[in-house]
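Read off the chains here:
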Amino acid sequence: MTQVAIEPETKGGLVFHPLDQFIVKPAFGDGAVNWYTVTNLTVWMGIILLAIFAVFVLGSRGRAIIPSRVQSIGELMYGFIYKMIEDITGKDGVKYFPYIMTLFVFILFANFIALIPMSYSPTSMIAVTATLGFGSFVAITILGFVKHGASFLKLFWMSDAPLFLRPIIAVIEVISYLVRPVSLSIRLGGNIAAGHVVLKVFAGFAALAVASPAAILGIIAIYGLEVLVAGIQAYVFTILICVYLKDALHPHH
Amino acid sequence: MATQTNTIAGACVDAGGSALGMPQLCAEWMPNQIFWLIVTLIAIFFVMSRIALPRIGAVLAERSGTITNDIAAAEDFKNKAAEAETAYEQALTDARAKAQEIIAKAKAEIQADLDVALQKADAAIAAKAAESEAAIGEIRDSAIKNITEVATDTAKELVLALGGTADATTISAAVNARMKG
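This is a predicted model, so every value here is computed, not measured.

**Structural notes on helix α7 (residues 166-205) of chain A**
Stage number 1. The terminal C-alpha atoms of α7 of chain A, which comprises 40 residues, lie 55 Å apart, in line with the 58 Å expected from a rise of 1.5 Å per residue.
Stage number 2. Along α7 of chain A, the helix axis deviates most sharply at valine 179 of chain A, where the bend reaches about 35°; the proline proline 181 of chain A sits within four residues downstream.

Okay, structure coming up:
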């Protein structure tokens, strides 16, 4: 079977293009993809925005004391993220709640909407996740220096470690600090992209009569896993942002 | 896939419309992705911070306020219920005491009535008994007298029949002596 997979064109049956789903192309007409071109990615970004608007604005338009179903979903996410920020960063982190909530709902809705068949998954693109990761990282680092000035660097200087170890620890701390955005963006993009590739590969096998029952069962199983991954990755990204924000607000351990 | 025409061929897509390498790493598309991501994030941020979050926050605050008030009201009602229960218990105890009192009083009254009636009855019985005794005594006296008379007469006749003579006084003395014996 692997041989078939390697030479799909000659056999004519199995065709594997698991990466084609990530191709960016203009949504209307043809042509080059310029930075302003409305692409399939733009369309799905718009759908994500509309879904967020539907859940958070239309869902809560009744302002009901006893919430409707959609309103309680919004309230659940609100309470979840609010409590997360309060628990991790403390009371003074609460004023960054809208920013973190924006990150969370974008990643969550992007991950879940990407699970709709034939959809496009923005969070599987490294350019998108790197923008999120490095953007947050730069913003949090600037915030740390604005709040604490040069004493923000004490974050890397373990004052309770033995003196001769402190420079070594400081180097390691700086490296681990600088790796944070990389791990943030690769974790999210890698997880989502890998899940979609695996789904596509199983879907390719489903065209083969012998393998199709197993392949379809596999798709169902992987799809369930991907639903978990979609939620967990949004959660992990957000909670790490909260932890980094805590470092910026309280660098003195 | 094969039917797709070659319209978007570039550095990252081959003539058949398939990806060359990983589309994630295609530098040609990155400005587009980053631009639209930033547009979307700004839009989401405004939707969240201007409309959704204040609204949901207000609803949650209002709800927790309502719940706090309701709990306080419930606490109030609970206290009132406890008070009412105490009052009820008190009333019940009072009623019991009063009932005991009434029962004791009634008993005493009945006892007094009973005593009076008993005394009356005793007196009546005693009177009746005395009366009866008198009657019996009379009857006995008259009986004795009759017997004496009959005995005297019989004795006189017997003496006469036997040919003797006897005066009345001797006979009655003899009869009397016999009657006593």
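From this point, the narrative continues.
**Describing a nonpolar patch on the surface**
Residue and element names in this part refer to chain A.
Stage number 1. There is a patch of nonpolar side chains on the surface, built from Phe134, Val171, Ile175, Val179, Val182 and Ile186 and spanning about 500 Å² of accessible area.
Stage number 2. Tallying contributions element by element places α7 first for the nonpolar patch, with five residues.
Stage number 3. Locating valine 179 in the fold gives a position in helix α7.
Stage number 4. Looking at valine 179, the relative accessible area reads 41%, which means it is partly exposed.

**Examining the confidence of the model for chain B**
Stage number 1. For chain B, per-residue confidence averages 87 on the pLDDT scale, and 94% of positions sit at 70 or higher.
Stage number 2. Residue range residues 1-8 of chain B is modelled with pLDDT below 50. Its contacts to residues more than four positions away, or to other chains, number 15 contacts.

**Some details on the nonpolar core**
Stage number 1. Core analysis: the largest hydrophobic core is formed by 69 residues, its most contacted members being Phe56, Met101, Val105, Phe106, Phe109 and Leu132 of chain A together with Met48 of chain B.
Stage number 2. Going through the elements one at a time, α3 (40-58), α4 (69-89), α5 (97-113), α6 (126-148), α7 and α8 (212-249) of chain A together with α1 (30-161) of chain B are the ones with two or more residues in this core.
Stage number 3. Residue contacts for phenylalanine 56 of chain A: discarding those within four places in its chain leaves Gly74, Met77, Met101, Val105 and Phe109 of chain A together with Met48, Ala52 and Ile56 of chain B.

**Brief notes about empty space enclosed by the protein**
All names here are of chain A.
Stage number 1. The tally for this structure, following the rule as stated, stands at one cavity of 30 Å³ or more.
Stage number 2. Approximately 40 Å³ is the volume found for the largest cavity.
Stage number 3. Along its surface, the largest cavity is lined by Phe137, Ile140, Thr141, Tyr177, Arg180 and Tyr244.
Stage number 4. Elements that contribute at least two residues to the lining of the largest cavity include exactly α6 and α7.
Stage number 5. With three residues, the top contributor of residues to the lining of the largest cavity is α6.
Stage number 6. Its residues assigned to classes, the lining of the largest cavity shows four nonpolar, one polar and one charged.

Reading the values: rules and limits
- Residues numbered from 1 in each chain as written.
- Chains lettered and ligands numbered in written order.
- Predicted model: local features only at pLDDT ≥ 70, side-chain atom pairs only at ≥ 80, totals over all residues.
- Heavy atoms only, no water.
- Helix = DSSP H or I, 4+ residues; strand = E, 2+ residues; numbered from the N terminus.
- Expected span 1.5 Å × (residues − 1).
- Bend = angle between axes of the 7 residues up to and from the residue.
- Patch = residues over 30% accessible without salt bridge, like charges linked within 9 Å, V, L, I, M, F, W, Y side chains within 5 Å.
- Areas by Shrake-Rupley, 256 points an atom, 1.4 Å probe, with all protein chains shown as cover.
- Salt bridge = Lys/Arg side-chain N within 4 Å of Asp/Glu carboxyl O.
- Buried < 20%, exposed > 50% of the residue type's maximum accessible area, 1.4 Å probe, protein only.
- pLDDT = per-residue confidence, 0-100.
- Contact = heavy atoms within 4.5 Å.
- Core = buried A, V, L, I, M, F, W, Y, C linked by side-chain atoms within 4.5 Å.
- 1 Å grid on protein atoms, 1.4 Å probe; cavity = no way out; pocket = protein on both sides within 12 Å on 5 of 7 lines; lining within 4 Å.
- Points joined across faces, edges and corners; volume = space filled by probe spheres on them.
- Nonpolar A, V, L, I, M, F, W, Y, C, P; charged D, E, K, R; others polar.

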